[in-house]
Amino acid sequence: DRVLVPSLWEAVAGADAEPFATGMEADEQRVWTWKDELPRRRLAWYGNFVAGRGSFLSPTLLRLLYPGAGEPDDHLGLDLSPTAHQLADALAAGPLASAELRALVGRRSSYERAAAELQRALLVTKAGVEEKASGWPSAVLDLTCHRFPVGGGTDHVAAAAAFVDVVLDTSAAELGRAFRWPAAYARETLDDLDDSGRAVRADERYRSPTLSG
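Computed from a prediction, not measured in an experiment: that's the story for all the values here.

A. The arrangement of the side chain of threonine 189 in detail. With respect to the element layout, threonine 189 can be found in helix α10 (residues 183-196). Beyond its immediate sequence surroundings of up to four residues, threonine 189 is in contact with His156, Val157, Ala160 and Trp181.

Have a look at this one:
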């Protein structure tokens, strides 16, 4: 609620629609499928990122935010838990189903925390599903660098500009919560946008120039 970003569900079903109110209907099935299919087809990154929620990032925005060199060992340069490093090492050889990764870790809760940690760092994305003989399909995870052209260097000012162009009006606190940046760093980045004319500051808010044009 504290970060206004576009909602895929609302775009599909409408702002007032309640997801899963009557089960897995057509709209729910469509969105549920896209979270696996879009990253599998390399059309959008998907994982736990914006404000700690399941999120899609365009390949362009992903490149601006990705923290490594675009190599399978990018995780070694980040402060991650031992379990997160273990999962990243396992995925270096290629995509794996979540069931295999859970078995590797041993505890479901530890696996889920580590997988979310890697997604928040943008190192891992969903990459389709693996059908099982019974029950729900198992999600497949892959290293981001295997599926998207990343590693050209971060550009947080450009990423902030993309965010402002989408949400139109934001604050440093909202940007920080969205991209998991400290509020002071988010404010500094937004001030850079204001200085370059890519955002217009009004008190504590930063607006897209399109609103002032």
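B. Structural detail: the sheet that holds strand β4 (residues 124-130). Overall, antiparallel pairing links the three strands, which are arranged β3-β5-β4 in an open sheet. Each edge of the sheet is formed by a strand with only one pairing partner; in this case those strands are β3 (96-97) and β4. Judged from the five bridges that link them, β4 and strand β5 (residues 138-143) form a sheet pairing that is antiparallel. From the neighbouring strand, valine 129 faces β5, where its bridge partner is alanine 139.

C. Representation of the side chain of glutamate 28 within the structure. If you trace the backbone, glutamate 28 turns up in helix α2 (residues 26-40). Although buried, glutamate 28 forms no salt bridge, and the nearest oppositely charged side chain, arginine 30, lies 8.0 Å from it. Reaching out from glutamate 28, the side chain makes a polar contact with the backbone nitrogen of phenylalanine 20 at a distance of 2.9 Å. Those residues within four positions of glutamate 28 in sequence are excluded, and the remaining contacts are Trp9, Glu18, Pro19, Phe20, Ala21 and Gly23.

D. Main features of the pairing of strand β2 (residues 54-57). Burial along β2 is one-sided: Ser55 and Leu57 are buried, while Gly54 and Phe56, pointing the other way, are not. Across four bridges, the pairing between strand β1 (residues 45-48) and β2 is antiparallel. What sits directly across from asparagine 48, in β2, is glycine 54. Linking β1 back to β2 in an antiparallel pair, the connection comprises five residues, with alanine 51 at a positive phi of about 55°.

E. View of the nonpolar core. Counting residues in each nonpolar core, the largest one holds 46 residues, and the members touching the most others are Leu57, Leu65 and Phe179. Of all elements in the fold, only α3 (59-65), α4 (82-91), α5 (98-105), α6 (108-120), β5, α8 (156-167), α9 (172-179) and α10 reach the threshold of two or more residues within this core. Here this core gets seven residues from one element, more than from any other, and that element is α8. Each residue touching leucine 65, except ones within four places of it in the same chain, is listed here: Phe49, Leu57, Leu122, Thr154, His156, Ala159, Phe179 and Trp181.

Cut-offs and rules
Residues numbered from 1 in each chain as written. Predicted model: local features only at pLDDT ≥ 70, side-chain atom pairs only at ≥ 80, totals over all residues. Heavy atoms only, no water. Helix = DSSP H or I, 4+ residues; strand = E, 2+ residues; numbered from the N terminus. Contact = heavy atoms within 4.5 Å. Pairing = 2+ DSSP bridges. Buried < 20%, exposed > 50% of the residue type's maximum accessible area, 1.4 Å probe, protein only. Lys, Arg positive; Asp, Glu negative; His and termini not counted. Salt bridge = Lys/Arg side-chain N within 4 Å of Asp/Glu carboxyl O. Polar contact = N/O pair within 3.5 Å; in protein donor to acceptor, adjacent residues only side chain to side chain. Core = buried A, V, L, I, M, F, W, Y, C linked by side-chain atoms within 4.5 Å.

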